[in-house]
Amino acid sequence: MPSDLPNKIERDLSVGTAWLVVLATIAGADEPIHGYEIARRLADDAPEGLSFKQGTLYPMLRTMEADGLVRSTLVPSNEGPARKCFTLTADGKRVLAAWVATWRRTNRWVNTVLGEIDVR
Amino acid sequence: MSADERIHEQTASRDPIRAYVRQLAAELDGCDVALRHDALIDAEVHLRSAVRAGATAERAIADYGAPAEIARAYRESTGAGPSLAAGASTPPLGAPPNAAAQRGFGSIPIIGVWAQPAAWGGLLYFGALGFVLAICYFTWAVTIGSLALGAMPLIIGLPLLLLLLASARGLSLFEGRVVELLLRVRMPRRTQPVAGLEGVGSGTRLGFWKRIGCWLRDVRSWMSLGYLLGNLPVSTFLFSVTITLVVLSAWLLAAPVFYALDMPISQAAPDDGFVLESLLGVESDGKIFLTGATVVPVFLMGLALMTGTLWLMRGLGFVYGRVVQAIQVARPQ
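Residues numbered from 1 in each chain as written. Chains lettered and ligands numbered in written order. Predicted model: local features only at pLDDT ≥ 70, side-chain atom pairs only at ≥ 80, totals over all residues.

## Some remarks on the overall build of chain B
In terms of helices and strands, chain B carries 13 helices and 3 strands. Counting every position in chain B, which comprises 333 residues, the buried fraction comes to 36%. Long-range pairs, those at least 24 residues apart, make up 66% of the contacts in chain B between residues at least 6 apart in sequence. (Helix = DSSP H or I, 4+ residues; strand = E, 2+ residues; numbered from the N terminus. Buried ≥ 20, exposed ≤ 12 C-beta atoms within 10 Å, placed from the backbone. Contact = placed C-beta atoms within 7 Å.)

This is the structure:
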């Protein structure tokens, strides 16, 4: 087995799920949420042994904005430069709803399959 | 090493966040300048937020990711996002609107410019919107600037000057959005912090007058103001050139319509000696009509002129967009 395979599998798996959890975090915020706060909530909720580099969040948010899933506004801050705060667009909400449904179906399926195997 | 470089090195050694941003900047060398600009601002704002929230700078940097890794994420972000690649209705992040321009003009067949959004965007920008906006910017800058200078001996002069500088930065950002939309040159998404204020909140407390000093010393404030003032003559010239070329092209392209409806294409005194008009058709009572032999060449002339005009718009848009981009990404001195 190539030595890098486990890392590759983790990377591939994390790309889609990172998008999902970022969208869900924005959706779950009561008001427009800035990048640092998203990263903080994700880090707080991340299970032990699973981490993501917070800096990768920003290119992801930019992609989402270009895809029309989130909208950003610059909010002046007394403590430093203006912060970019994000909310979901109507398209973003639709995509998230579809994604959550897909995720739940996939999750059930994967758990069912994994529940029947015995890895030694 | 120059004196400036030594100062930067000393600052970086005292401030790990500054050092990290410099490393990230080095990793992003060769990237689109707007993307690089945004990446650096994202990193600095995030890391300073983390430090304000109680993390050490070293911990915040470790959580943020190695510069090479983050730079790679930004470079890769110019592709489509996961699961959306097929269905995305808008260009994905970074799918730089100016991607076609970056491929180079030579890769497009000459007539292909008719299908280039950047060329038509340039036509709309230079032939209408840019000129109108330039008048608005100039009027605003001169009005508030005059008021500010006139009221400088009074207490209201300084707030007016600061309003003018702040609005200049805001309008410059707005102009960037318009330019990106029409001229397809990518603009940064993040505002450049006012020089000297970017570290506020990391333990540094600046007084009111020092904050004002930062605004007045920041070269970007003045560059933006210079843009508002200097843009009008440039836009006026480009507007005149664009309208002239478009009207002339449209006139020539309409040759078959003039011919079919038996309408004169122009009117001239029989002896005014205007060579072009006398070449176009047969004069009759001062009216110039196209003949069957001239209508096609005249139409082709119009086609060639309009194609050239679209190329000109595309080229001007590319250069003009780069100028606006340079103002937006200029680093504070």
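## A few points about the overall build of chain A
Counting secondary structure elements, chain A contains 4 helices and 3 strands. Starting at the N terminus, the α and β elements of chain A follow one another as α-β-α-α-β-β-α. Within chain A, the proportion of its 120 residues that are buried is 30%. In chain A, of all internal contacts separated by at least 6 residues, the share reaching a separation of at least 24 is 44%.

## Here we look at the nonpolar core
Counting 72 residues, the largest nonpolar core has I26 of chain A together with L24, A43 and L47 of chain B as the members making the most contacts within it. When residues in this core are grouped by element, the largest group, 10 residues, is from helix 7 (residues 117–150) of chain B. Residues contacting L47 of chain B, with those up to four places away along its chain left out, are I17, Y20, A57, A60, I61 and Y64 of chain B. Among the nonpolar cores identified, the runner-up in size contains 9 residues, and L252, F258, L290 and V295 of chain B belong to it. (Core = buried A, V, L, I, M, F, W, Y, C linked by C-beta atoms within 7 Å.)

## Quick notes on the confidence of the model for chain B
Residue and element names in this part refer to chain B. Averaged over every residue, the pLDDT of chain B is 78; residues scoring 70 or more account for 74%. In the model of chain B, helix 6 (residues 99–103) stands out as the element of lowest mean pLDDT, 44, in contrast to helix 7, which has the highest, 93. Overall, residues 79–103 carries pLDDT values under 50, and its contacts beyond four positions in sequence, including any with other chains, amount to 55 contacts. Taken as a whole, residues 199–203 scores under 50 in pLDDT and shows 11 contacts with residues more than four places along the chain or in a different chain. Both scores are given for the predicted complex: the pTM is 0.61, the ipTM 0.83. (pLDDT = per-residue confidence, 0-100.)

## Focus on unusual backbone geometry
Keep in mind that most residues, glycine aside, have a negative phi and that most peptide bonds are trans. Residues and elements named next belong to chain B. The backbone of R184 sits at a positive phi, close to 60°, despite the residue not being glycine. With respect to the secondary-structure elements, R184 resides in the loop between helix 8 (157–183) and helix 9 (208–217). Its identity is not glycine, yet D262 carries a phi of approximately 55°, on the positive side.

## A short note on the environment of L40 of chain B
Looking at the secondary structure, you find L40 of chain B in helix 3 (residues 33–52). Discounting residues that sit within four places of it in the chain, L40 of chain B has contacts with V21, L24 and A25 of chain B.

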